[in-house]
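Read off the chains here:
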Amino acid sequence: MSGASEAMLLGLVVLVGTLMVAMIGSTYLLLRLREAETRLHEKEDQHQGILDRLQENEYRLRTIIESEPECVKLQAADGTVLEINPAGLRLLDAGRPEDIIGTKIYDVVAQEYKDIYRENMRRVFAGEAVVYEFKSITLKGRVCWMETHAVPLRDARGAVYALLGITRDITEHKWAEEQGRRHQTELARVARLSTMGEMATGLAHELNQPLSAIANFARGCIRRLRSGDVAPADLIEPLEEVCEQAERAGEIMRHVRDFVRKSEPRMTAVDINLVVRSVVKFTEHEARQNETVVTLHLAPQQPRVWADSIMVEQVVCNLVRNAMEAMAETRTLRREIIIRTVRNGGDFVEVEVIDTGPGIDGAVIDQIFDQFFTTKPEGVGMGLSISRSIVESHGGSIRAESRAGGGATFRFTLKAIPIRLNRDERRYSLHS
Ligand code: ADP
């Protein structure tokens, strides 16, 4: 073979080789391309699957939220409503979503609650979960009470971007609460009135004294004037007595009025010993009728208590009346009520009402402070329950004990005013 043909053959071999390498390379590339394409399809399928699942989830979530009977809404930090479900639209008397979405929630919050609402929004956007109540005026002007459970919604980076609130109408609940409160006040008033009724005899007797004294002094003056031998100066003293007795009668009447009147507590610095004496005075007649001796052991120089004297008087009165009734039920030899006032460790003043009645049955002692609990045929069962609410509303406590030898002891405490303040408050006095 000549050199030229050898060179040609070699060139051919190289060409074929190159072609084959190129073919193998492109086949390989083609295969890689196919592979990449398949992977892309798979990825696309996966993405589609994720999208489908996301959509399903969103649909499920939407269905849950839309069919949720409570109002569910999303709000932006400035109070703009971003989303609200149909229950929310109904709650706010909105016909279409656009009546609410895009508007500020404050438009349906009652004026006096706007600041409270704003503060709660601020807390949620600071990351807190908050429960709050507020008064709302719906789009149709209906006034209702709402309770919202609000939580912050965070984005992927953890920043709060919306408030998710679940709100329910608590108007009925509020109304029932209000009714209950009114009922309680009314019951307390009725109880006061019935206490009053029972004390009416005592009061008539109490009033009778100053009135007959006035009549006597006035008659004495007339007699002296008629006889002609009286210097005007001699009339001053009996006439002063007339004035004093008339003032006493007036004071008794004012007391009755205060007792019956339904009013807010009137807090003053009260001398508990004066309250006890006052009750004893009012129940004197009843005690006499029940052949009951009332003995007082009143600690001198008691600190005053910050209280509504009429209410505290009602507590003492209830305990004294209960003691009398308990002793009247049995053939107790000695009917005695001892009322003690004790300074209890400096912070509290304690009042004890001790009787020589039958005591309290161990089986019911835990129930006697319950509303409507009574063992008396004519009882209402409100006296001790009202007494407990009064004492507790004054920051004190009340308890009962049955003594081994018979008889019951009721003890209640009231917060003492620190001595320094006590001095400052001297100007306050009982029934001031
Ligand atoms: P009411 O007197 O109208 O029944 P209260 O609340 O005053 O209602 O008293 C509830 C019950 O507590 C009474 O029915 C009685 O059983 C009992 N109780 C109260 N005070 C005494 C007492 N001093 N001695 C014995 N039992 C008492």
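Going by the structure above, here's the rest.
This section reports on the structure supplied with the text. Computed from a predicted structure; not experimentally measured.

Parameters and conventions
- Residues numbered from 1 in each chain as written.
- Predicted model: local features only at pLDDT ≥ 70, side-chain atom pairs only at ≥ 80, totals over all residues.
- Heavy atoms only, no water.
- Pairing = 2+ DSSP bridges.
- Helix = DSSP H or I, 4+ residues; strand = E, 2+ residues; numbered from the N terminus.
- Axes fitted to C-alpha atoms, helices over the stretch in contact; angles between N-to-C directions.
- Near = heavy atom within 4 Å.
- Polar contact = N/O pair within 3.5 Å; in protein donor to acceptor, adjacent residues only side chain to side chain.
- Areas by Shrake-Rupley, 256 points an atom, 1.4 Å probe, with all protein chains shown as cover.
- Nonpolar A, V, L, I, M, F, W, Y, C, P; charged D, E, K, R; others polar.
- 1 Å grid on protein atoms, 1.4 Å probe; cavity = no way out; pocket = protein on both sides within 12 Å on 5 of 7 lines; lining within 4 Å.
- Points joined across faces, edges and corners; volume = space filled by probe spheres on them.
- Buried < 20%, exposed > 50% of the residue type's maximum accessible area, 1.4 Å probe, protein only.
- Patch = residues over 30% accessible without salt bridge, like charges linked within 9 Å, V, L, I, M, F, W, Y side chains within 5 Å.
- Salt bridge = Lys/Arg side-chain N within 4 Å of Asp/Glu carboxyl O.
- Contact = heavy atoms within 4.5 Å.

1. Side note on the sheet that holds strand β10 (residues 348-355)
Then, in step 1: If you walk across this open sheet you meet the 5 strands as β7-β9-β10-β12-β11, and the pairing is mixed. If you trace the sheet from one side to the other, it starts and ends with β7 (293-298) and β11 (398-402), each paired once. Averaged over all pairs of adjacent strands, the angle between their axes in this sheet comes to 15°, without regard to strand direction.
Then, in step 2: The pairing of strand β9 (residues 336-344) with β10 spans 8 bridges and is classified as antiparallel. Pairing of threonine 341 across the sheet is with valine 351, part of β10.

2. So, the site of the ligand
Then, in step 1: Around the ligand, the surrounding shell holds 19 residues, and the nearest of these are Asp355, Thr374, Thr375, Lys376 and Leu384.
Then, in step 2: Taking aspartate 355, its side chain carries an N or O atom lying 2.8 Å from a nitrogen atom of the ligand.
Then, in step 3: Between an oxygen atom of the ligand and a side-chain N or O atom of threonine 375, the distance comes to 2.4 Å.
Then, in step 4: Considered on its own, the ligand offers 530 Å² of accessible surface; in the complex 92% of this is hidden by protein.
Then, in step 5: Mapped onto the shell around the ligand, the elements with two or more residues apiece are α7 (309-329), α8 (383-393) and β12 (408-415).
Then, in step 6: Grouping the amino acids of the shell around the ligand by side-chain chemistry returns 10 nonpolar, 7 polar and 2 charged.

3. Considering empty space enclosed by the protein
Then, in step 1: For the coordinates displayed, the defined rule picks out 2 cavities of 30 Å³ or more.
Then, in step 2: Reported here for the largest cavity is a volume of approximately 40 Å³.
Then, in step 3: Taken together, Lys73, Leu91, Leu92, Ile105, Val108, Phe134, Ser136, Met146 and Thr167 form the lining of the largest cavity.

4. Describing unusual backbone geometry
Then, in step 1: Even without being glycine, aspartate 93 reaches a positive phi, approximately 60°.
Then, in step 2: Residue classification places aspartate 93 among the buried positions, given a relative accessible area of 19%.
Then, in step 3: Of note, the phi angle at glutamate 291 is positive, near 50°, even though the residue is not glycine.
Then, in step 4: Counting through the fold element by element, glutamate 291 comes out in the loop between α6 (272-289) and β7.

5. Here we look at a nonpolar patch on the surface
Then, in step 1: Side chains of Leu9, Leu12, Val13, Leu15, Val16, Leu19, Met20 and Ile24 sit close together on the surface and give an oily, nonpolar patch of about 780 Å² of accessible area.
Then, in step 2: One can find valine 13 in helix α1 (residues 3-67).
Then, in step 3: When its relative accessible area of 53% is taken as the criterion, valine 13 is described as exposed.

6. With respect to the pairing of strand β2 (residues 81-84)
Regular strands have side chains that alternate between both faces of the sheet.
Then, in step 1: Across 3 bridges, the pairing between strand β1 (residues 71-75) and β2 is antiparallel. Residue pairing across strands places glutamine 75 opposite valine 81, the latter belonging to β2.
Then, in step 2: Taken together, β1 and the strand that follows it, β2, pair antiparallel across an intervening segment of 5 residues, in which glycine 79 is found at a positive phi of about 95°.

7. Considerations on the sheet that holds β1
Then, in step 1: The 5 strands lie next to each other as β2-β1-β5-β4-β3, forming an open sheet whose pairing is antiparallel. Unpaired on one side and paired on the other, β2 and β3 (130-137) mark the two borders of the sheet. Between one strand and the next, the sheet's axes are offset by a mean angle of 30°, whatever the strand orientation.
Then, in step 2: Against the sheet, helix α3 (residues 114-125) makes contact with β1, β3, β4 (143-154) and β5 (160-169), and its axis sits at roughly 130° relative to β5, the strand it touches most.

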